[in-house]
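Tertiary structure, described
Letter by letter, the chains look like this.
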Amino acid sequence: MTPSLVRRPKIWMNVTTSANWDRPVVGVVRVERELSRELKALYGPDAFGLCIFDGDEFVPHSGAMRIAKHSEAQPLLWPDRSRHARRRSTFHAGLGVAQWGSPQPTDERSNLRGPNSQPKKAGRGIVRGDIIVSVGLDWDHPYVDKFQYLSDALGIKIVTCCYDLIPILLPQYCVGHVAAKFRDYFTKLSWSSSLILCISQRSRNDYIEFAQRIGAPQPETLVIPLGDNVPKTEGLRSNVADHVSADVSRVTEAPFLLFVSTIERRKNHEVLYRAYHLLARDGHAARLPKLVFVGMPAWGVGDLLKDIELDPLTKGLVVQLNHVSDADLSYLYEKALFCVFPSLYEGWGLPVGEALACGKAVVASAQASIPEIGGDLVTYLDPWDARAWADEILTLVDNPQRIRSMEKAVRREYRARTWRDTATVVKGALDRLREPEDVAITLYPGYDLQTLFGMPYGEAIRSTGAPGSLTHGPYRILPAGTYDIAITLDKLEGSGGRLSCALRSAIGDGDHAFRTIEFDAREQSDVVVMLQRIQLDVPIDDYEICCEVTRGLLVSIKRIEINQVSA
Amino acid sequence: MKILCLSTYPIENPLHGGQHRLSNIVAELRADGHDVVSAGVIGSPSYPPSPFFVPVPKAEALARVIEHYFLMEDWAISELFGAPGEYYSSLASRIKIVPDVIFVEQPWLFKFAELFNAKVCKGRSVLVYGSQNIEHRLKSDILRRYYGEKHVVASRDMVQACEIHAIRQSARTFCVSMNDLEWTRSYASQPPILAANGVIDRRASMADVAAANAITHGRKFALYCASAHPPNMDGFFDIFGNGAGCFPPECRMVVAGGAGHSIATDPRLARTGSLQRQFVDAGQVSESVLRGLLATAHMILLPITSGGGTNLKSAEALWSGCHIVATTTAMRGFESFLNARGVTVADDGPAFCNAVRRAFLLPNLQIDMEDRAERSVVLWENTLAEMVAAIREVELIS
C-alpha cells in the first residue's frame, strides 16, 4: 500500500443533541456546540466532521443546528449567552450523507440465525480507527446502545463525557427514579468508551468510584476545563447598560447579592432564604441588600417559592429573574455586591467560575467540585448552616473593604478558562487515540461467528458429523494490510475427513485466502491452521472466516486470531 | 441392612439442594447393598405427592403448636409427628419395613423416628442423623427478615433444642462441613463424620447443549443455579443490588432454578441498572438443560452471603471446570479449593463484581487431568464414602 493511501483517523463530533435542540440552550448543549466549533478550528475540515444519529446509524452532518425559539437565555443547567446560536435554521436529517455501518442486530444471537442473515456492512465516511466524540444529552438518546457495536465490530473509537453522577449519588434531588437509568448509562459508557472526558476532578473521582463499585471497566479518563468566560457584549453599539432589560435595571439600582442557577432543591436556594429570614428576624432587614436569583424554577421548589412569596419578614428582599439576556447577565455580574453559590453538589459549578471571571467576590459551599474552581479565592460555608450564611452575609455587607480585598485577589489570581482551552486539552487526548494501531482480533466462534451445520458449544463451534459450512461471519471491517490468521481447533479421535478454511468477503465472492487439511481418523489432535501473509490492498467491510467440513469429521473450532503483520 | 430415610421432602425428582443431597445419599446406600426406603412428610405444597410421604398438616394444625408458624413449619412438623396421635400414625402406617437403621435427614422427623423405633422396631433400630446445616442459626437469619427479635430468639431456641436432641440421641451424626462438624462435636456421643455435599459426573450431549442454547441464545453467560430458598435471592441482591456493571453488554446472567423467577420479579432487579436487561430466568430446568448449561457456561457464580452448611452448587461449579466467582460462605466445605485455578473468592459487591468482569474477559478455563483428579473429591461417591462406611458398621458401634 502506498503511503498516500494511508488515511489518518478522522474526528467526528456527534451533534445529535444540538441538531435537534429547539429550546433555550442548556449547559450540555453549550458544551457540545462550543467544543465542536473549537475542535473544528483546531483540526480543520479534513480531519474533523460533524455527525448525527439518524434512524439507526451515525451519518455525517452539515452543521446546521436548531436554535431556541426565544432569543433570550433560559438557564436550565447553565444560562445561555451563546452568541453563535442566534442563527435560525432547519435540521434535515441524513441529507446527502454516506451510508455506513448497518445496525447492530437487536435480535438474539446472530449465530443461531439462518443462512439468509444479512452481513453487517461498513461504508464510506466514518471508518475503522475514526473517533466519535459524543458529549451531548446522550442518556436520552438511543445511540448509546450502538457505541459498543461501533467499538467492537467496526473499530470506531468512542469518546464520551461524564458531567456528573448526581442522579446516582443524590437521587433525592432528581425527578423520578433515575438512578437505575444512569447506572445503566454509565455502565454502557464504561464498556464502550476509549476515553471519558470529565468536567471536573470530582466528576472523575465519582465516576471511577462508581465504576469500581459496580465492577465496570474503567476506560481512560481526562479532566477537561470548561470555558467560563462570560461572553463580552461586543457588537452592541453602546455600553451594556443601554441593552439591559427594565427589570434588571430596576434590580440593579440598589445593592444586591447574585445567585445564578436553576432554582432546584440541589442548588440550595433554601439556605439563602433561611439566612435572610434569620437576619430579618434579628432586625437587620433594612441593612440587607436584595437577594437576586437568576434562573428558572424547576422541580421540587414550589413550597420554597411559596414561603418566599408569603414570608412577611423577607418580603421584597428576594427577587427572582429569568429569561435574562447576555447583556442582562453580564450587567448583573458587574453590579452585584458579591455572588453566592450554596449548592449541595455540582459536577462543575460554572456560575462560580463566571463570577470569578468577572472579578467578583464569591461565597460558596465547599461541596463536590466547587473548590476546584475557586481554590482559596472563594469563602466557603457549610451549605446546611443557615446561621453561618447569615453571619457571613452580614459581615460582608458591613465591611465593603473586605469585599474589595476579595475582588482584588480574584482579579489578580483567577484565570478564566476559554472554550479554546477546553478544545486544546481534548485535542491532546484525541491525537493520542489517532495514533495508528496494528489490528489484533481474537474471535471466539461460538460467540462471534455463525454456523449452518455445526453447533455453538460455549466459545467454540463444534461439527456434528454433517458435511458443509461450519463457520461463517463475523462480517466486520478489516483494514488494508497484511495479515496472519490462526485457527485453533480440536479434532476428535475416530473421525476423519477434510477441513477447509478461508478468509472471504462480499458474501463469498471475495476469496482472500484458502487452505484445506486432511485429518486421519486414528488421531486425536489439537491443531492450529495458519493462513499466512494475506495481503489486502483495500479494506474489506464484511470479512468472514469460513470453515467447511466433510461428512463425519468431528472438530471443535475454538479460537481464531487475526493479526496484522504490516500495514 | 434395611434402612429407612426420613425427610420433609420427597426425592424422586430432585430440584433443590436438599433433595439432591438426600437422593444421592439413598443412591450411595443402595449401591452399598442396602435396602433403602425414603419416607416422610411433604413439607410444602410445592412438592409432588410420593407413595411413602404424607401431606403437610393443615394450617390450623401447625398453628396449634406454634402461633406464628410462617417459616417455622418444619419445627411444627417435628412437634406434630413426634408425638403419638393422628399425624404419627398416618406416617407410621405408610412405612412397611422394620428398619435396622433410621437415617433422619435434618432434625424435623427425629422425634418421629424415636417413637417409631420404640413402637415398631421395639428399640432395635439404630438412629443416625444427617445434618445439612446448623439449623437454628440459619433459621434465625431467615426469621430476622420478617419478625421482631423476641420471636426470632424464641424460635431459634426451639430449633436449637430440636437439633441438639437429634445430635445427642443419634448413634452417628453426619455433617456437611467442617464448620458444622465443630459445633456438632460437643453434643455428639460419637465423633461426627464429615459428609460434604457433592456432585454427579454429568456429561452433556449435543442435544443437551442445543437445549441450553435455546435459553442462552449462544451468548457468553454466567450461571447461577439456585432454588427459591430466601438466602439465594438475598445473596444475589447483596452482591448485585447496588448495580452490576461487570457484565459485558453482549453477555448474559442466567439463573436456573426457582431463584430466577423470584429475582426477576423482585423490584430490586430494576434498580440494578443494566443487569435487568441481561438477566435470563431459565426457570426450573430439566436435567438435560442443566447439563447443557453447565457445559457451556463461561462462569458459575455463587453469591451466597448467609446460611450455614455447604452449597452443593459449589461442588457442581468446581466439577464443571468453569471460572467460579464465589463468596467465602458459598465455598464453605470446599476450603481446599479456595485457591484452585479459576476460583475467585470475593465477599462484598464491588470485589465480587470486579472478579466477574475479569473472568468474563478471560478465555474459557481449561482444566487438565491433574486438576480434574484433584476435583474428583467433590463427586458424591467420594464425599459420602465415609458416611456409607460408617452406616455399614453401625451395628458394631450401636
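Residues numbered from 1 in each chain as written. Chains lettered and ligands numbered in written order. Predicted model: local features only at pLDDT ≥ 70, side-chain atom pairs only at ≥ 80, totals over all residues. Heavy atoms only, no water.

1. Some words on the overall build of chain A
Definition in use: Counting from the N terminus, the helices are DSSP H or I runs at least four residues long and the strands are E runs at least two residues long. Contacts are assigned to residue pairs with any non-hydrogen atoms lying within 4.5 Å of each other.
Within chain A one finds 16 helices and 24 strands. Excluding contacts between residues fewer than 6 apart, the proportion of contacts in chain A whose partners are at least 24 apart in sequence is 76%.

2. Digging into the overall build of chain B
Put simply, the rule is: The reference for a compact globule is 2.2 Å times residues^0.38; the radius of gyration itself is calculated from the C-alpha atoms. Here's how the labels work: a residue is buried when its accessible area is under 20% of the maximum for its type, exposed when over 50%, partly exposed in between, all with a 1.4 Å probe on protein chains only. For the accessible areas, the method is Shrake-Rupley and the probe is 1.4 Å, while residue cover comes only from the protein chains on display.
Across its full length, chain B holds 20 helices and 13 strands. Against the 2.2 N^0.38 benchmark of 21 Å for 398 residues, chain B shows a C-alpha radius of gyration of 21 Å, consistent with a compact globule. Summarising its shape, the C-alpha atoms of chain B cover approximately 65 × 50 × 40 Å along the three principal directions. Within chain B, the proportion of its 398 residues that are buried is 58%. Once local pairs closer than 6 in sequence are excluded, the contacts in chain B between residues at least 24 apart make up 71%. For chain B, the computed accessible surface area is about 15300 Å², with 52% contributed by carbon and sulfur atoms.

3. Observations concerning the side chain of B:Arg202
Residue and element names in this part refer to chain B. Rules: Polar contacts here mean pairs of N or O atoms no more than 3.5 Å apart (in protein, one a potential hydrogen donor and the other a potential acceptor; neighbouring residues in sequence count only if both atoms are side-chain atoms).
As for its placement among the helices and strands, Arg-202 is situated in the loop between β7 (193-194) and α9 (206-216). Engagement of the side chain of Arg-202 in a polar contact is seen with the side chain of Glu-287, the distance being 2.6 Å. Residue contacts for Arg-202: discarding those within four places in its chain leaves Glu-287, Leu-290, Arg-291, Leu-294, Glu-316 and Trp-319.

4. Thoughts on the environment of A:Leu278
Residues and elements named next belong to chain A. Structurally, the position occupied by Leu-278 is in helix α8 (residues 269-281). In sequence terms Leu-278 and Ala-390 are 112 residues apart; their C-alpha atoms lie 6.9 Å from each other. For Leu-278, the residues in contact, after removing those within four places along its chain, are Ala-386 and Arg-387.

5. A few points about the packing of helix α13 (residues 386-398) of chain A against helix α14 (residues 400-413) of chain A
Residues and elements named next belong to chain A. To keep things clear, this is the line we draw: Structural elements are reduced to axes, namely lines fitted to C-alpha atoms, with helices fitted over the stretch in contact, and the angle between N-to-C directions of any two is expressed from 0 to 180 degrees. When an angle is under 35 degrees it counts as roughly parallel; over 145 it counts as roughly antiparallel; between 65 and 115 it counts as roughly perpendicular; any other value is oblique. Throughout this entry, Asp, Glu, Lys and Arg are counted as charged residues, while Ala, Val, Leu, Ile, Met, Phe, Trp, Tyr, Cys and Pro are counted as nonpolar. The remaining residues, Gly among them, count as polar.
The contact between α13 and α14 brings their axes to 5 Å, and the two run at 95 degrees. Comparing the axis directions of α13 and α14 gives the class roughly perpendicular. Across from Glu-392, Thr-395, Leu-396, Val-397 and Asp-398 in α13, the residues of α14 making contact are Pro-400, Arg-402, Ile-403 and Met-406. Residue composition of the contact of α13 with α14, by class: 5 nonpolar, 1 polar and 3 charged.

6. Some words on the sheet that holds strand β3 (residues 57-61) of chain A
Residues and elements named next belong to chain A. Going by this rule: Whether two strands pair depends on DSSP finding at least two bridges between them.
If you trace the 7 strands from one edge of the open sheet to the other, you get β3-β2-β1-β4-β5-β6-β7, paired in mixed fashion. The sheet terminates laterally at β3 and β7 (220-223), the two strands that pair on one side only. With strand direction ignored, the average angle separating the axes of adjacent strands in the sheet is 30 degrees. Against the sheet, helix α2 (residues 27-43) makes contact with β1 (11-14) and β2 (48-54), and its axis sits at roughly 165 degrees relative to β1, the strand it touches most. Its contacts with the sheet put helix α6 (residues 201-214) on β5 (157-162), β6 (195-198) and β7, and the angle it makes with β7 is roughly 160 degrees.

7. Quick notes on unusual backbone geometry
The omega angle of the peptide bond from A:Gly473 to A:Pro474 is 10 degrees, so this bond is cis rather than trans. Within the secondary structure, A:Pro474 is located in strand β18 (residues 474-478). In this structure, B:Leu71 is a non-glycine residue whose phi angle is positive, near 75 degrees. Mapped onto the elements of the fold, B:Leu71 is located in the loop between α2 (59-65) and α3 (73-81). With a phi close to 55 degrees, B:His217 is a non-glycine residue in the positive phi region. For B:His217, the position within the fold is in the loop between α9 and β8 (221-225).

8. Focus: the nonpolar core
The condition is simple: The criterion is simple. A nonpolar core is a set of buried Ala, Val, Leu, Ile, Met, Phe, Trp, Tyr and Cys residues joined through side-chain atoms within 4.5 Å.
One finds A:Leu258 and A:Leu430 to be the most contacted residues of the largest nonpolar core, which totals 101 residues. With near-sequence residues (within four places) excluded, A:Leu430 lies in contact with A:Ile11, A:Leu39, A:Tyr43, A:Ile131, A:Val133 and A:Val159. Counting residues in each nonpolar core, the second largest holds 62 residues, with B:Ile263, B:Phe279, B:Leu301 and B:Cys322 among its members.

9. Focus on the environment of A:Ile131
Residue and element names in this part refer to chain A. Tracing the sequence through the fold places Ile-131 in strand β4 (residues 131-134). Owing to a relative accessible area of 0%, Ile-131 belongs among the buried residues under this scheme. Considering only alpha carbons, one finds Ile-131 and Ser-151, 20 residues apart in sequence, at a separation of 9.5 Å.

10. As for helix α5 (residues 179-192) of chain A
What counts, and what does not: One less than the residue count of a helix, multiplied by 1.5 Å, gives the span that helix is expected to have.
Between its first and last C-alpha atoms α5(A) spans 20 Å; for 14 residues at 1.5 Å apiece the expected length is 20 Å, and the two agree. Along α5(A), 13 of the 14 residues are buried, which leaves the element largely enclosed by surrounding structure.

11. Things to note about the interface of chain A and chain B
What counts, and what does not: A 1.4 Å probe defines the accessible area here, and the buried area is the portion of it lost by two parts on being joined, summed over both. Criterion for a salt bridge: a side-chain nitrogen of Lys or Arg within 4 Å of a carboxyl oxygen of Asp or Glu.
Contact with chain A, which involves 29 residues of that partner, is made by 36 residues of chain B. Summing both partners gives a buried area of about 2600 Å² for chain A against chain B, and 56% of it is carried by carbon and sulfur. One can count 1 salt bridge joining chain A with chain B. Where A:Asp184 meets B:Arg277, a salt bridge forms, and the shortest distance between an N and an O atom there is 2.8 Å. Joining chain A to chain B, the criterion identifies 11 residue pairs in polar contact (both at pLDDT 80 or more). Counting only elements with at least two residues in the side of chain A that touches chain B, the list comes to α5, α6, α16 (445-448), β15 (454-457) and β16 (460-463) of chain A. Looking at the side of chain A that touches chain B element by element, the count peaks at 6 residues for α5(A). Each residue belonging to the side of chain A that touches chain B can be placed in one class, and the counts come to 11 nonpolar, 9 polar and 9 charged.

12. Some words on the pairing of β1(A)
All names here are of chain A. Burial along β1 is two-sided: Ile-11 and Met-13 and Trp-12 and Asn-14, pointing in opposite directions, are all buried. Across 4 bridges, β1 lies against β2 in parallel orientation. When the bridges of β2 are listed, Trp-12 appears paired with Gly-49.

13. Observations concerning the confidence of the model for chain B
Should pLDDT be low for a region, the predicted coordinates there are not to be read in detail. Selection rule: Scored from 0 to 100, pLDDT records how confident the predictor is in each individual residue.
A residue-level look at chain B finds 98% of positions with pLDDT of 70 or above and a mean pLDDT of 93. For this predicted complex, the interface confidence score (ipTM) comes to 0.83, while the overall pTM stands at 0.82.

14. Looking at the packing of aromatic side chains
Going by this rule: Only rings of Phe, Tyr and Trp enter the pairing, Trp through its six-membered ring, and a pair is recorded when the two centres are within 6.5 Å. The plane angle decides the type: under 30 degrees is stacked, over 60 is edge-to-face, the rest tilted. When the NZ atom of lysine or the CZ atom of arginine is within 6 Å of a ring's centre and also within 35 degrees of its normal, the charge is said to sit over that ring.
Under the counting rule described, the total for this entry stands at 29 aromatic pairs over all chains. Where A:Phe58 meets A:Tyr143, the ring centres are 5.4 Å apart and the plane angle is 55 degrees; that geometry is what we call tilted. Pair noted here: A:Phe58 is in strand β3 and A:Tyr143 is in the loop between β4 and α3 (147-152), with a separation of 85 residues, a long-range link. A residue is classified by how much of its surface remains accessible, and A:Tyr143, at 0% relative accessible area, is buried. A network of ring pairs unites the aromatic residues B:Tyr224, B:Phe236, B:Phe237, B:Phe240, B:Phe247, B:Phe279, B:Phe352 and B:Phe360 as a single cluster. It is A:Lys427 that lies over the ring of A:Tyr43; its NZ or CZ is 4.9 Å from the centre. Lying across the ring of A:Tyr444, B:Lys220 places its NZ or CZ 5.8 Å from the centre.

15. So, the sheet that holds strand β3 (residues 53-54) of chain B
Residues and elements named next belong to chain B. Pairing is parallel in the open sheet, where 7 strands are placed in the order β3-β2-β1-β4-β5-β6-β7. Among the strands making up the open sheet, the edge pair consists of β3 and β7. Two strands pair when backbone bridges link them, and strand β1 (residues 2-7) and strand β2 (residues 35-41) are joined in this way by 6 bridges, in the parallel orientation. Residue pairing in the sheet places Ile-3 in a bridge with Val-36 of β2. Taken strand by strand, helix α8 (residues 178-185) contacts β6 (172-175) and β7, and its axis lies near 150 degrees from that of β6.

16. Considerations on the pattern of salt bridges
Should the charged atoms of two oppositely charged side chains come close, the side chains can pair. All names here are of chain A. Counting across every chain of the model gives 52 salt bridges over all chains. Arg-281 is the partner of Asp-282 in a salt bridge, and the nearest nitrogen-oxygen pair spans 3.6 Å. The exposure class assigned to Arg-281 is exposed, which follows from its relative accessible area of 52%.

17. Details of α13(A)
Residue and element names in this part refer to chain A. Compared with the 18 Å implied by 1.5 Å per residue over 13 residues, the 18 Å span of α13 between its first and last C-alpha is a close match. Along α13, the positions that sit buried rather than exposed are Ala-386, Ala-388, Trp-389, Ala-390, Glu-392, Ile-393, Leu-394, Leu-396 and Val-397. Buried positions along α13 lie against β8 (256-260), α8, β11 (338-341), β12 (362-365), β13 (379-381) and α14. N-capping of α13 is provided by Asp-385, with a side-chain oxygen placed 3.2 Å from the backbone N of Arg-387.

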